[in-house]
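Residue-level listing of the chains:
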Amino acid sequence: MSKTTESPVWEMIEAEKKRDRFIKLVSRIAWSVTLFVLLIFLVFTIRDYIHMQKLFNQGVTSQASVIETVVPFLIILGSLSLVIGILATVGTFLRLRTTSMLEIQQRLANLENMVISEKE
């Protein structure tokens, strides 16, 4: 069962693979930028926390003010973790379905090749 380049089914499969690679590339870039921005935000949060801790040690501010400096970062980190968890779950189910559809397409292409070769 050879893969022929003339078969429109194989061309469709190759087009889907190219789309998948492009989507994966965009996804990797987006996650890299997200993690980079999160890292920068973490650095700013740590810097502010250290500053507020020094003020607390001097008796200028309260412990609640010190804790409030890290709360925005924790909210963003928790939200990002939730989004990643949801996307990973949905992605797992979609990936299983996509794999099944790809197998069906490949089997149909093999069947098409068999029919074409029997006619010749």
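Reading the values: rules and limits
- Residues numbered from 1 in each chain as written.
- Predicted model: local features only at pLDDT ≥ 70, side-chain atom pairs only at ≥ 80, totals over all residues.
- Heavy atoms only, no water.
- Helix = DSSP H or I, 4+ residues; strand = E, 2+ residues; numbered from the N terminus.
- Rg over C-alpha atoms; globule rule 2.2 N^0.38 Å.
- Phe/Tyr/Trp six-rings, centres within 6.5 Å; stacked < 30°, edge-to-face > 60°.
- Buried < 20%, exposed > 50% of the residue type's maximum accessible area, 1.4 Å probe, protein only.
- Patch = residues over 30% accessible without salt bridge, like charges linked within 9 Å, V, L, I, M, F, W, Y side chains within 5 Å.
- Areas by Shrake-Rupley, 256 points an atom, 1.4 Å probe, with all protein chains shown as cover.
- Salt bridge = Lys/Arg side-chain N within 4 Å of Asp/Glu carboxyl O.
- 1 Å grid on protein atoms, 1.4 Å probe; cavity = no way out; pocket = protein on both sides within 12 Å on 5 of 7 lines; lining within 4 Å.
- Points joined across faces, edges and corners; volume = space filled by probe spheres on them.
- Nonpolar A, V, L, I, M, F, W, Y, C, P; charged D, E, K, R; others polar.
- pLDDT = per-residue confidence, 0-100.

## As for the overall build of the protein
Regarding its fold elements, the protein presents three helices and zero strands. What you see in the protein, going N to C, is helices and strands ordered as α-α-α. Here the C-alpha atoms of the protein give a radius of gyration of 26 Å, more than 25% beyond the 14 Å that 2.2 N^0.38 yields for 120 residues. Taken over the C-alpha atoms alone, the protein extends approximately 90 × 20 × 15 Å along its principal axes.

## A word on the packing of aromatic side chains
Geometrically, a pair of aromatic rings is defined through the distance of the ring centres and the angle of the planes. Tallying each qualifying case throughout the model produces one aromatic pair. Taking 5.8 Å as the distance between ring centres and 45 degrees as the angle between the ring planes, the aromatic pair formed by Phe 41 and Phe 73 counts as tilted. Separated by 32 residues along the polypeptide, Phe 41 in helix α1 (residues 8-57) and Phe 73 in helix α3 (residues 71-119) bring together distant segments of the chain. Phe 73 gets classed as buried once you look at its relative accessible area, which sits at 10%.

## Some words on a nonpolar patch on the surface
On the surface, a cluster of nonpolar side chains totalling about 1100 Å² of accessible area is made up of Phe 22, Ile 23, Leu 25, Val 26, Ile 29, Val 33, Phe 36, Val 37, Leu 39, Ile 40, Val 43 and Phe 44. Among the secondary structure elements, Ile 29 is positioned in helix α1.

## Side note on the pattern of salt bridges
Under the criterion given, the structure shown has three salt bridges. Notably, a salt bridge pairs Lys 17 with Glu 14, separated by 3.9 Å at the nearest N-O pair. Here Glu 14 and Lys 17 lie together in helix α1, a separation of three residues that amounts to about one turn. The class of Lys 17 is partly exposed, set by a relative accessible area of 30%. The class of Glu 14 is partly exposed, set by a relative accessible area of 27%. Asp 48 is the partner of Arg 47 in a salt bridge, and the nearest nitrogen-oxygen pair spans 3.3 Å. Using a relative accessible area of 52% as the deciding quantity, one classes Arg 47 as exposed. What makes Asp 48 partly exposed here is its relative accessible area of 33%.

## Here's the deal with the layout of surface pockets
Here the largest pocket defines a volume of roughly 500 Å³. Put simply, the parts of the chain that give the lining of the largest pocket at least two residues each are α1 and α3. Sorting elements by how many residues they give to the lining of the largest pocket places α3 first, with six residues. Taken together, the residues of the lining of the largest pocket break down into five nonpolar, three polar and three charged.

## Things to note about the confidence of the model for the protein
Chain-level statistics for the protein give a pLDDT mean of 85 and a share of 92% at 70 or above. Mean pLDDT values for the elements of the protein range from 83 in α3 up to 93 in helix α2 (residues 63-68).

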